[in-house]
Amino acid sequence: MTTRRLALCAALLYGLAGQAPAQAADYPIRPEPVAAGSWAVIADTGYFTPDNGGFLVNSAFIATADGVVVIGSGPSRAFGEQYRRVIEATANKPVRELIITHKHPDHFLGNQAFRDVPIRADDKTTAMLKSEADGLAENLYRLVGDRMQGTEPLLPNAPLAPGVREIGGHQLEFIAVPGHTQSDVAVFDHSTGVLYAIDQVFNGRTPTLPNASLADWFAALDRLEALPFKVLVPGHGPVARNAGPIRATRRYLQWLDATLKDAARRGLTPNETMALPIPAEFAGWAEARAEWRRSVGFLYSRYELAELPPLAGTERATD
Ligand SMILES: [Zn+2]
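Here's a quick rundown of the structure. (Residues numbered from 1 in each chain as written. Predicted model: local features only at pLDDT ≥ 70, side-chain atom pairs only at ≥ 80, totals over all residues. Heavy atoms only, no water.)

## Points about the coordination of the zinc ion
Binding of the zinc ion to the protein goes through His102 (NE2), His104 (ND1), His180 (NE2) and Asp199 (OD), at separations of 2.1 to 2.2 Å. Classification of the site at the zinc ion as irregular follows from its 4 donor atoms and the range of 87 to 165° in their angles at the metal. Taking relative accessible area as the criterion, His180 reaches 0% and is therefore assigned buried. Since its relative accessible area comes to 2%, Asp199 is described here as buried. (Donors = N, O, S within 2.8 Å, 3.2 Å for Na, K, Ca; no water. Tetrahedral: all angles 85-135°; square planar, octahedral: opposite > 155°, others 65-115°. Buried < 20%, exposed > 50% of the residue type's maximum accessible area, 1.4 Å probe, protein only.)

## Some details on the nonpolar core
One finds Leu195, Leu224 and Leu256 to be the most contacted residues of the largest nonpolar core, which totals 42 residues. For this core, the elements supplying multiple residues, two or more each, are β10 (185–189), β11 (194–202), α4 (214–225), α5 (244–265) and α8 (288–307). No other element matches the 9 residues that α5 contributes to this core. Not counting chain neighbours up to four residues away, the residues in contact with Leu224 comprise Val177, Ala186, Leu195, Ala197, Gln200, Val201, Phe229 and Ile246. Formed by 35 residues, the second largest nonpolar core is a distinct cluster that contains Val41, Ile100, Phe114 and Ala137. (Core = buried A, V, L, I, M, F, W, Y, C linked by side-chain atoms within 4.5 Å. Helix = DSSP H or I, 4+ residues; strand = E, 2+ residues; numbered from the N terminus. Contact = heavy atoms within 4.5 Å.)

## Brief notes about the sheet that holds strand β12 (residues 231–236)
Across the sheet, 5 strands lie side by side as β8-β9-β10-β11-β12; this open sheet has mixed pairing. Two strands bound the open sheet, and with one partner strand each, they are β8 (163–167) and β12. On average, each strand axis in the sheet is tilted by 25° relative to the strand beside it, whichever way the strands run. Pairing of β8 with strand β9 (residues 170–176), which is carried by 5 bridges, proceeds in the antiparallel orientation. The partner of Glu166 across the bridge, within β9, is Gln171. On the sheet, α4 packs against β9, β10 and β11 and is oriented at approximately 160° with respect to β11. Sheet contacts for α5: β11 and β12; angle to β11, the most-contacted strand, approximately 20°. (Pairing = 2+ DSSP bridges. Axes fitted to C-alpha atoms, helices over the stretch in contact; angles between N-to-C directions.)

Here it is, written out as structure tokens:
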């Protein structure tokens, strides 16, 4: 079903209930200064609901001498439009470009509000969005409902190359750190010491793994931890001023990997695995049980396959 048809369905449902769609409430967008001319917008840490309108993801913006660089456009057209007004009022400068760090829908569905500036993503993310963006948007329509009205995926239209780019007095390094998805970009501002790690790092919110490669993710965390940052903006959860959230994300992924391996070795069913205890360190994180269950759903079959004995008379394929 297309997003237009989903929007129509949502409108019909509201009509049948005898209610006009409510005027969408403003999103609680409150920029938090993280360094000179640099702000993060910290979101709710729950799951997608009509109440939060999909505002679960952190974003950020940097006011350079040549305009504002925005990192992430949020979950919907309404969010993007409100966000852009907030950015330009806060920075007192026009937006010059938007950076899309990876393919997850809550990070790019506000793109329509930035259609007049370059919308940058790396080649791999842009290619994946060409085939996946409609489906990702439909999923958010189902979860979030009428605050998605008018939202259509708008694809990135400009390249994002890894390396350092000088923009209006800021030395911005774009770092390829896949792992959370097949292609992720972190932004390190050498001029201010702010690391915009986005979804490579979760802080007090359980990581999401629908497209994760754990080996890559561990390498990404090592690379990010080695940077001389002073401020860390995670993809979900509050801003930090040390590497604690990087280490906690690593420990969670290590526990998840070891637990899935052990469950597969013991022959547990997916349901039994979903019911396993979560260590105290992670049990208090937002969405701890729900994300663990989702991660078992996404990943467990790979671990079960790895435990299967080779068939008699065949050799195990090497990879
Ligand atoms: Zn993500």
